[in-house]
Every structure is written in C-alpha cells, then in structure tokens.
Amino acid sequence: MKQETIITIILLILGLGIGLAFDAENSTARPGWVHNLQWPGEQPDNVAKIEELLFLEIAPYKTEYEMVNISSNSDINNIHIRVMATTIDSDNPDIYDFVYENDELLLTGYLLEAIPVRYRNEAITIALNDRDVASSVRNSGDPSVKRILPGTSQKFYVSKTLLSVTWKGISALIDPEEKKVVQVWKESGTAN
C-alpha cells in the first residue's frame, strides 16, 4: 500500500474515534423510548443530572414518546420542572410536575393520558363489563382514560399501574393486567 493511503486511513479512523468520543461525552443517557427531547428556554446548570433522574421517573405506557418537552423555572431553593410528553398513537399528552431540590427529584403531580387507542378501548370495554358502570353511563359520551401510577394506586388497590376510566358522574379503576374493575366511584361520593 502507498504511504499516502495508509496515512489517509489512519486519519479517518482517528477522526471517527474523536467524533464518537465527543458525541458520547456531550450526550446524556437517553432511553430508547424518547425520540426527541427539548428544553425550551434556559436550562439549569445541572441538566445532565436532572435528565438522569427524570428518565427514572417518567415512562410511556406501552408505546414510545415522540417528543419530550421539559420546562423549568427556579426559585431560591429549588427548580420546578414540567415534562410534557407526546406519543404518535395518542392525541393526549402525559404531563408530569416535579421539584428538584438538594439533588433529589420529587414528583408533585401528573396527568397521564397518552394511552394508545388499543389499550384505551380495552380499558373502556373492561369498565363497561361492570353492571354498575354500564347502567350509569348511558348517553354519557366518550370517557377520559388516564394512567394511575403505582404510588397513587396503592392507596386504592395495590402498587401497580392502573387505568382510570371516567364518564360524567362515574369513574372505574381498572387493573389492565387482570382485566377487571377494582373500584368504582360515583358522583354522589359512593365507592364500590
């Protein structure tokens, strides 16, 4: 081989190695289920640490997030963080609210409606198989379906992801794994 060809190959390999090292150094470990990530506005100084903690707390339901939009604002002691995540197979987003303080992330609220149509329809069908629910929802329109995280669901059933199916006046808590209604609430405040 000519000396020029050998030098060219060495330079290409060296350039590729430097490029890969630079990319690995400047990117956080983003899970495969996050396709796009945006931090509009000013990012906190410790963005890599916050992202690491966020990706332990947020996750889509039987799908992948197409876009994860993270916004934050700071006060004297902590950072308030809102995550809005969208999926390709749901019109509704998942919304998470956190407070980051003393290198810890605390979930302060959520509204998780990014549920693929198949699983949303399955939850509605399970709810309608309950006689009490079925008799209460005549002409009530389309229900909302929300995901309930294990930390909240343990207060009503067991610590696992559940789905809530709600029409005007009645709501059913669904165990999607067991395919059953585990609790029903009526507008009057009664629960079964």
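Refer to the structure printed above.
All values derive from a computational prediction rather than experimental measurement. (Residues numbered from 1 in each chain as written. Predicted model: local features only at pLDDT ≥ 70, side-chain atom pairs only at ≥ 80, totals over all residues. Heavy atoms only, no water.)

## Notes on helix 2 (residues 47-57)
When we look at burial in helix 2, the residues that qualify are V47, I50, E51, L53, L54 and F55. At its buried positions, helix 2 is contacted by strand 1 (34-38), strand 2 (65-74), strand 3 (79-87), strand 4 (94-101) and strand 5 (104-112). (Buried < 20%, exposed > 50% of the residue type's maximum accessible area, 1.4 Å probe, protein only. Helix = DSSP H or I, 4+ residues; strand = E, 2+ residues; numbered from the N terminus. Contact = heavy atoms within 4.5 Å.)

## Some details on the nonpolar core
Residues L54, V68, I70, I81, V83 and F98 are the most contacted members of the largest nonpolar core, which totals 22 residues. When residues of this core are traced back to their parent elements, those giving at least two are strand 1, helix 2, strand 2, strand 3, strand 4 and strand 5. Element by element, the count of residues in this core is highest for helix 2, at five residues. The contact partners of V83, leaving out residues within four places of it in the chain, are L54, I58, V68, N69, I70, D94, I95, Y96 and F98. Counting residues in hydrophobic clusters, the runner-up holds 17 residues, among them I124, V133, L163 and A172. (Core = buried A, V, L, I, M, F, W, Y, C linked by side-chain atoms within 4.5 Å.)

## Description of unusual backbone geometry
Of note, K62 is a non-glycine position whose phi angle comes to about 55°, a positive value. The topology assignment puts K62 in the loop between helix 2 and strand 2. Even without glycine at this site, D103 takes up a positive phi of about 60°. Within the element layout of this structure, D103 appears in the loop between strand 4 and strand 5.

## Focus on the pattern of salt bridges
By the definition in use, this model includes eight salt bridges. Its salt-bridge partner being K186, residue D132 comes within 2.9 Å of it at the nearest N-O pair. Taken together, the residues D132 in helix 4 (residues 131-136) and K186 in strand 9 (residues 180-186) connect sequence positions 54 residues apart. We classify K186 as partly exposed; its relative accessible area is 29%. D175 serves as the salt-bridge partner of K160, at 2.8 Å between the closest nitrogen and oxygen. In this pair, K160 sits in the loop between helix 5 (150-153) and strand 7 (162-167) while D175 sits in strand 8 (residues 170-175), placing the two residues 15 residues apart along the sequence. Counted as one network, the salt bridges with shared partners bring together K160, D175 and E177. (Salt bridge = Lys/Arg side-chain N within 4 Å of Asp/Glu carboxyl O.)

## Observations regarding the pairing of strand 3
Side chains I79, I81, V83, A85 and T87 of strand 3 all project onto a buried face; the interleaved residues H80, R82, M84 and T86 project onto a face where none is buried. Pairing of strand 2 with strand 3, which is carried by nine bridges, proceeds in the antiparallel orientation. From the neighbouring strand, S71 faces strand 3, where its bridge partner is R82. The antiparallel hairpin formed by strand 2 and strand 3 contains four residues in its connecting segment. In terms of strand pairing, strand 3 meets strand 4 through seven bridges, oriented antiparallel. Residue pairing across strands places H80 opposite V99, the latter belonging to strand 4. Linking strand 3 back to strand 4 in an antiparallel pair, the connection comprises six residues. (Pairing = 2+ DSSP bridges.)

## Some thoughts on the side chain of S90
Within the secondary structure, S90 sits in the loop between strand 3 and strand 4. At 3.4 Å, the side chain of S90 forms a polar contact with the backbone oxygen of E113. Each residue touching S90, except ones within four places of it in the same chain, is listed here: E113, A114 and I115. (Polar contact = N/O pair within 3.5 Å; in protein donor to acceptor, adjacent residues only side chain to side chain.)

## Some points on helix 3 (residues 117-128)
Taking 1.5 Å per residue, 12 residues should reach 16 Å; helix 3 reaches 16 Å between its end C-alpha atoms and fits that length. All buried positions along helix 3 are accounted for by Y119, A123, I124, I126 and A127. The buried residues of helix 3 occupy one face: seen down the axis, they fall within an arc of 160°. Where the residues of helix 3 are buried, they touch helix 4, strand 6 (144-148), strand 7, strand 8 and strand 9. (Expected span 1.5 Å × (residues − 1). Arc of directions from axis to C-beta.)

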